[in-house]
Amino acid sequence: PAVDGSTPHTEDAAAFLAATLLPAMLDGEDLRVAAPVSARTLSGSDEVVTAFTRWDHRLRPPTITTAGPVEPRPPASATGCCFSRGADSMVSAVVERAPAETLTHLIHVVGLEPVHSPATQAEEIRLARHVGDLVGLPVVVPRTNVRRLTDGRCDWADAHGATLASLALATDGLFGRVVVPSTQAVAEIVPFGSSPILEPHLSSESVTVVHDSVSLDRVGKVVLLARDRPDLLPHLKVCWAEDRPDNCGRCGKCLLTMCALQAADALHLATGFPDRIPLEEIRRLRPAPIQSRQHWVAVARALGADGDRGATRGAVLEALRRAARPGPRDRPHQW
């Protein structure tokens, strides 16, 4: 159902253009959209193609043809925010905004986590709605099979920003603005699939896609939650590695978040994680991507040198040294 009494628009195929743009480039194919497409999205896709081709010179810009432009329509009044319960989307859900940019809904998309069973999906929906109740925002739950298109063609880190933009465009008539939570802070911006120079260019005349503020890094976001909304920390979910609604505590994303929580003296509040950080697991990490290393450097700086935090910091620094100078057996796995 529509969130503000309006009805969804179905004639604009901009969502399909946004979802297929990177897969087409990776396949070396042109794009023919057999339906009208927003002129704004079509024009903005040129900027997205330019960014991707400059980041990866193997990609070929596709020729894009459509059935013509759609008639511009006034945007709906509601503003949604993509919401997964991760640190980025938790902060986007609660951060203070200008009155014209205030969120009216959270959007919890089912189908973006391919390892989730139906039981885990149902629990994820329940928990998302519970957090929505805590922050005073209703939760809309669309479903997608878009990963059938992207998986096997694209690394999810490369594809997820355009995918979220395509899902935002698919809410045309329901939302006039959709916020995509930021992953990178301003000092960390590197070529990445979700970026302030990507998603906004895929906006249409009736749906503005907003890449949220890049003012805080991952540690800063966890500190903000610990200071302003500690009641949300038990519901923090960052793990993608296992079929579960809480966190495994062993994958890189879990370990990074646990270290940030320890730096904020809030690990004990985040009951969806184990209560102790496995330092040996951290020492075995080799964070190869630049963005990942930046996150870990920020965590090391925040931890300090004393007590348990100092021990964790030592493990993080060892992992960073191993990433900088991998052994011969590890070098093939850095790319």
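The model shown is predicted, which means the values in this text are computed figures rather than measured ones. Positions within a chain are numbered from 1, following the residues in the order the chain's sequence is written. At least 70 in pLDDT is required for a residue's local features to be given in this predicted model, at least 80 for side-chain atom pairs to be given and counted, and no such filter applies to totals for whole chains, interfaces and linings, which use all residues. To get the side-chain values, take all heavy atoms of the structure and skip hydrogens and water.

We now examine the pairing of strand β6 (residues 177–180). Regular strands place their side chains on alternate faces of the sheet. Sheet analysis places strand β3 (residues 79–82) next to β6, joined by three bridges and oriented parallel. The partner of Thr79 across the bridge, within β6, is Arg177. In this analysis, strands are considered paired if DSSP registers two or more bridges between them. Under the scheme used here, helices are H or I runs from DSSP no shorter than 4 residues and strands are E runs no shorter than 2 residues, and both carry numbers assigned from the N terminus. The pairing of β6 with strand β7 (residues 208–211) spans four bridges and is classified as parallel. Looking at β7, one finds that Val178 is bridged to Val209.

Among the buried residues, those of types Ala, Val, Leu, Ile, Met, Phe, Trp, Tyr and Cys that are joined through side-chain atoms within 4.5 Å form a nonpolar core. Each residue is assigned to one of three classes by its accessible area relative to the maximum for its type, calculated with a 1.4 Å probe on protein chains only: buried under 20%, partly exposed between the two thresholds, exposed over 50%. With 51 residues, the main nonpolar core has Leu106, Leu233, Leu236, Leu261, Phe273, Trp296 and Val316 as its most contacted residues. Of all the secondary structure elements, the ones that give two or more residues to this core are α3 (87–94), α4 (118–135), α7 (218–228), α8 (252–263), α10 (290–303) and α11 (307–324). Core analysis: the second largest hydrophobic core is formed by 41 residues, Cys154, Ala159, Leu169 and Val180 among them.

Next up on the list: the environment of Ala170. In this structure, Ala170 sits in the loop between α6 (156–169) and β6. It is 16 Å that separates the C-alpha atoms of Ala170 and Glu71, two residues lying 99 residues apart in sequence.

What follows concerns the pattern of salt bridges. In the sections that follow, a salt bridge refers to a side-chain nitrogen of Lys or Arg positioned within 4 Å of a carboxyl oxygen of Asp or Glu. Applying the stated criterion to the full structure yields 21 salt bridges. Between Asp30 and Arg60 there is a salt bridge, and its shortest N-O distance comes to 3.3 Å. Placement of Asp30 in the loop between α1 (14–27) and β1 (31–32) and of Arg60 in the loop between α2 (39–55) and β2 (64–65) is noted, with a sequence separation of 30 residues between them. Each of Glu242, Arg244, Asp246 and Arg250 takes part in one network of salt bridges that share partners.

On the secondary structure map, His295 appears in helix α10. Owing to a relative accessible area of 7%, His295 belongs among the buried residues under this scheme. Apart from the residues within four sequence positions on either side, His295 is in contact with Thr183, Glu188, Arg218 and Leu256. By definition in these notes, contact holds between two residues if any of their heavy atoms fall within 4.5 Å.

Quick look at the layout of surface pockets now. A cavity here means a set of points on a 1 Å grid, drawn over the protein atoms and nothing else, where a 1.4 Å probe fits but cannot get out; a pocket is an open set with protein on both sides within 12 Å along at least five of seven lines, and a residue lines either one if it has an atom within 4 Å of a point. Grid points are joined across faces, edges and corners, and a volume is the space filled by probe spheres set on the points. Quantified by volume, the second largest pocket comes out at close to 560 Å³. Broken down by secondary-structure element, the contributors of at least two residues to the lining of the second largest pocket are α1 and α6. Note on residue categories: nonpolar means Ala, Val, Leu, Ile, Met, Phe, Trp, Tyr, Cys or Pro, charged means Asp, Glu, Lys or Arg, and polar means any other residue, Gly included. Of the residues assigned to the lining of the second largest pocket, the class counts are 20 nonpolar, seven polar and three charged.

Here the distance between the centres and the angle between the planes together describe a pair of aromatic rings. Between rings of Phe, Tyr and Trp, where Trp is taken as its six-membered ring, a pair exists when centres lie within 6.5 Å; planes separated by under 30 degrees are stacked, by over 60 edge-to-face, and by other angles tilted. Applying the stated criterion across every chain, the model contains one aromatic pair. Relative to Trp55, the ring of Phe52 has its centre 5.7 Å away and its plane inclined at 85°; by these criteria the two rings are edge-to-face. One end of the pair, Phe52, and the other, Trp55, are both in helix α2, three residues apart, so they sit about a helical turn from each other. Owing to a relative accessible area of 8%, Phe52 belongs among the buried residues under this scheme. Its relative accessible area of 31% is what places Trp55 among the partly exposed residues. A ring is considered to have a charge above it if a Lys NZ or an Arg CZ atom is located within 6 Å of its centre and within 35 degrees of its normal. Sitting above the plane of the Trp156 ring, Arg147 keeps its charged end 4.1 Å from the centroid.

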